[in-house]
Amino acid sequence: MKKILQIGEGNFLRAFAEDYIQKANEKGLTQMEVIICQPRNNTKVINSLKAQKCLYDITLSGRFNGKVVDERKTINCVSECFDSHGEYDKLENLFCSDELEIVISNTTEAGICFDENERYDDIPNMNIPSRLTNLLYKRYSSGKKGIIFLPVELIENNADTLKKYILDYAKLWHLESRFINYISSECSFCNTLVDRIVSGHKSEDKDPCSVAAEPYASWVIQADERLKKVLPLNGFEGIQFTDNLSPYRTRKVRILNGTHTMSVLAAYMSGIDIVRDMMNNEIFAKYIEMGLDEIKQTINLPKKELDSFADSVLERFNNPFIDHKLFDISLNSTAKFKTRCLPTIIDYIKINGKAPKILSFAFAAYIAFYMNVGTDRVYTPNDSQEVVEFFKDLEDGAHNVPKICTDVLANTSFWGENLTEYDSLLNAVEKSYSSIKTKGIEKALNEVVYG
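Rules behind the numbers
- Residues numbered from 1 in each chain as written.
- Predicted model: local features only at pLDDT ≥ 70, side-chain atom pairs only at ≥ 80, totals over all residues.
- Heavy atoms only, no water.
- Pairing = 2+ DSSP bridges.
- Helix = DSSP H or I, 4+ residues; strand = E, 2+ residues; numbered from the N terminus.
- Axes fitted to C-alpha atoms, helices over the stretch in contact; angles between N-to-C directions.
- Contact = heavy atoms within 4.5 Å.
- Patch = residues over 30% accessible without salt bridge, like charges linked within 9 Å, V, L, I, M, F, W, Y side chains within 5 Å.
- Areas by Shrake-Rupley, 256 points an atom, 1.4 Å probe, with all protein chains shown as cover.
- Salt bridge = Lys/Arg side-chain N within 4 Å of Asp/Glu carboxyl O.
- Lys, Arg positive; Asp, Glu negative; His and termini not counted.
- Charge placed at Lys NZ, Arg CZ, Asp CG, Glu CD.
- Buried < 20%, exposed > 50% of the residue type's maximum accessible area, 1.4 Å probe, protein only.
- Parallel < 35°, antiparallel > 145°, perpendicular 65-115°, else oblique.
- Left-handed = near helix turned anticlockwise from the far one by under 90°.
- Nonpolar A, V, L, I, M, F, W, Y, C, P; charged D, E, K, R; others polar.
- 1 Å grid on protein atoms, 1.4 Å probe; cavity = no way out; pocket = protein on both sides within 12 Å on 5 of 7 lines; lining within 4 Å.
- Points joined across faces, edges and corners; volume = space filled by probe spheres on them.
- Polar contact = N/O pair within 3.5 Å; in protein donor to acceptor, adjacent residues only side chain to side chain.
- Phe/Tyr/Trp six-rings, centres within 6.5 Å; stacked < 30°, edge-to-face > 60°.
- Lys NZ or Arg CZ within 6 Å of the ring centre and 35° of its normal.

Things to note about the pairing of strand β4 (residues 67-75)
Reasoning step 1: The pairing of strand β3 (residues 56-64) with β4 spans 9 bridges and is antiparallel. Note on β4: the bridge partner recorded for Thr59 is Arg72.
Reasoning step 2: What sits between the antiparallel neighbours β3 and β4 is a turn of 2 residues, in which Asn65 has the positive phi angle 55°.

Take a look at the structure:
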């Protein structure tokens, strides 16, 4: 049986990759087993999995395709777990075996890195790219064919980045040119984009390794011909192969993350506490629908595909099993607005010649949230010291609406450019901020939605 090495024992992969692999095995599309090792020294999960013969349960709860899902299943596609430090010899043996086909990794965004102080003989190497370079060199030296790397770390072009650092280590350690060619031509590095909300282990669950997640899952893979043969799962249960991840990443960031960011601050200021209640509020449901229409205009994918993804997002936000707190989501909203909403606003202006109504209101609500105006709620925004101090300094001129909006939009350290150069955006934000300040968030929201 073909084997997959999984570097990462955390909740996400165990409720995501293993779920996919097991379902594919059950359908007869693949016959693969997973071996899990941990990237760090902590062996708590590894030891727990060993104690129960690598079996554990996942619970999938939420809305999916118009139905409420609440199911529990046992994952049995994991054949072995080992400590990548204390049992490094097992890791080496697996890496040099004919059965190994794929390496999946999730080592957090900080895990894919390069440290020029790492040495070839620092066994086991500390960071993952250096460790993989060492292991891959042993595989190459034993005459085995190249393997497929499927990193799922949440960084752009995750596989390309991993490949770059492996090549950097090969050059740093003066490994032969044939090995460098082996990395580039005989191994596959496939960029990926993953999506599933995994809430983790429930303390009351008797299975110490169980994981709870939503039923929705998406795995978009920039697949080459080799991966397509080894893992023939294009179109299976939310798996999609593509030549270009970029529009799918844009779709996720702008629709899923952007919808959160454009709505949660106004909803919290309106007295709503959790995402589900926001989704079941009539005016916010309409507000989000209108905002999604603006967002979808800026994404270069077929309308049917965008509509389907947007519908799934709304369904996921209305999960009856997860109380997702709005104030928790408000953390670091400045950076989130820059990444998730601002590119949409700028593209919308370029396409339509004017600022989007709903997203401009969301920008005004962001300012009002940090200025604590237009709401009766008492709270302290949670953001970086730079952001907090900036808005504190603005409080002296809190009555001067044009100055406040101009100062915020002109802050290049926040946005990377002076947004006052977009006249229609500045005018729309000023208008909405003035309405929020004088009438309160709920009346202002009602006007922008129904006015």
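Side note on the sheet that holds strand β9 (residues 192-195)
Reasoning step 1: Ordered in space as β9-β12-β13, the 3 strands form an open sheet in which the pairing is mixed. Taken across any chain shown, the strands that pair with only one partner, and hence form the sheet edges, are β9 and β13 (239-242). Mean inter-strand twist for the sheet, computed between neighbouring axes without regard to direction, equals 10°.
Reasoning step 2: Bridging between strand β12 (residues 218-222) and β13 involves 4 bridges; their strand directions are parallel. Within β13, the position partnered with Gln222 by the bridge is Thr242.
Reasoning step 3: Most of the contacts of helix α8 (residues 246-269) go to β9, to which it runs at about 30°, and overall it touches β9, β12 and β13.

Quick word on a negative patch on the surface
Reasoning step 1: Side chains of Glu386, Glu389, Asp393, Glu395 and Asp396 sit close together on the surface and give a patch of like negative charge.
Reasoning step 2: The topology assignment puts Glu395 in the loop between α16 (385-394) and α17 (401-409).

Re the side chain of Arg251
Reasoning step 1: Following the sequence through the fold, Arg251 ends up in helix α8.
Reasoning step 2: The buried category is assigned to Arg251, whose relative accessible area is 7%.

Digging into the packing of helix α19 (residues 423-439) against helix α20 (residues 441-450)
Between two packed helices, both the angle of their axes relative to each other and the distance between the axes serve to describe the pair.
Reasoning step 1: For the pair α19 and α20, the least separation of the axes is 7 Å and the interaxial angle reads 140°. On the basis of the axis angle, α19 is oblique to α20. The way α19 lies across α20 gives a crossing that is right-handed. For the pair formed by α19 and α20, the contact residues are Ser435, Ile436 and Lys439 on the first element and Ile441, Lys443, Ala444 and Glu447 on the second.
Reasoning step 2: Its residues assigned to classes, the contact of α19 with α20 comprises 3 nonpolar, 1 polar and 3 charged.

Some details on the layout of surface pockets
Reasoning step 1: A volume near 560 Å³ is recorded for the second largest pocket.
Reasoning step 2: Together, 25 residues line the second largest pocket, and Phe64, Tyr216, Ala217, Glu237 and Gly238 are the ones closest to its centre.
Reasoning step 3: Those elements that place two or more of their residues in the lining of the second largest pocket are α1 (11-26), β3, β4, β13 and α11 (303-317).
Reasoning step 4: Among the elements that line the lining of the second largest pocket, the one with the most residues is α11, at 6 residues.
Reasoning step 5: Of the residues belonging to the lining of the second largest pocket, the class tally is 9 nonpolar, 6 polar and 10 charged.

Quick look at the environment of Arg139
Reasoning step 1: Among the secondary structure elements, Arg139 is positioned in helix α4 (residues 128-141).
Reasoning step 2: In the structure, Arg139 is positioned 47 residues away from Glu92 in sequence and 8.3 Å away in space, judged by C-alpha atoms.
Reasoning step 3: If we ignore the near neighbours within four places in the chain, the residues touching Arg139 are Phe95, Cys96, Ser97, Leu100, Lys144, Lys145, Gly146, Ile147 and Tyr182.
Reasoning step 4: A polar atom in the side chain of Arg139 sits 2.7 Å from the backbone oxygen of Phe95.
Reasoning step 5: At a separation of 2.7 Å, a polar atom in the side chain of Arg139 contacts the main-chain carbonyl oxygen of Lys145.

Examining the packing of aromatic side chains
Reasoning step 1: By the definition in use, this model includes 36 aromatic pairs.
Reasoning step 2: Grouping aromatic residues by their ring pairs yields a cluster made of Tyr268, Phe327, Phe337, Phe363, Tyr366, Phe369, Tyr370, Tyr379, Phe390, Phe391, Phe414 and Trp415.
Reasoning step 3: Over the ring of Tyr20 we find Lys23; its NZ or CZ atom is 5.5 Å from the centre of that ring.
Reasoning step 4: Its end group placed over the ring of Tyr268, Arg377 keeps NZ or CZ at 4.1 Å from the ring centre.

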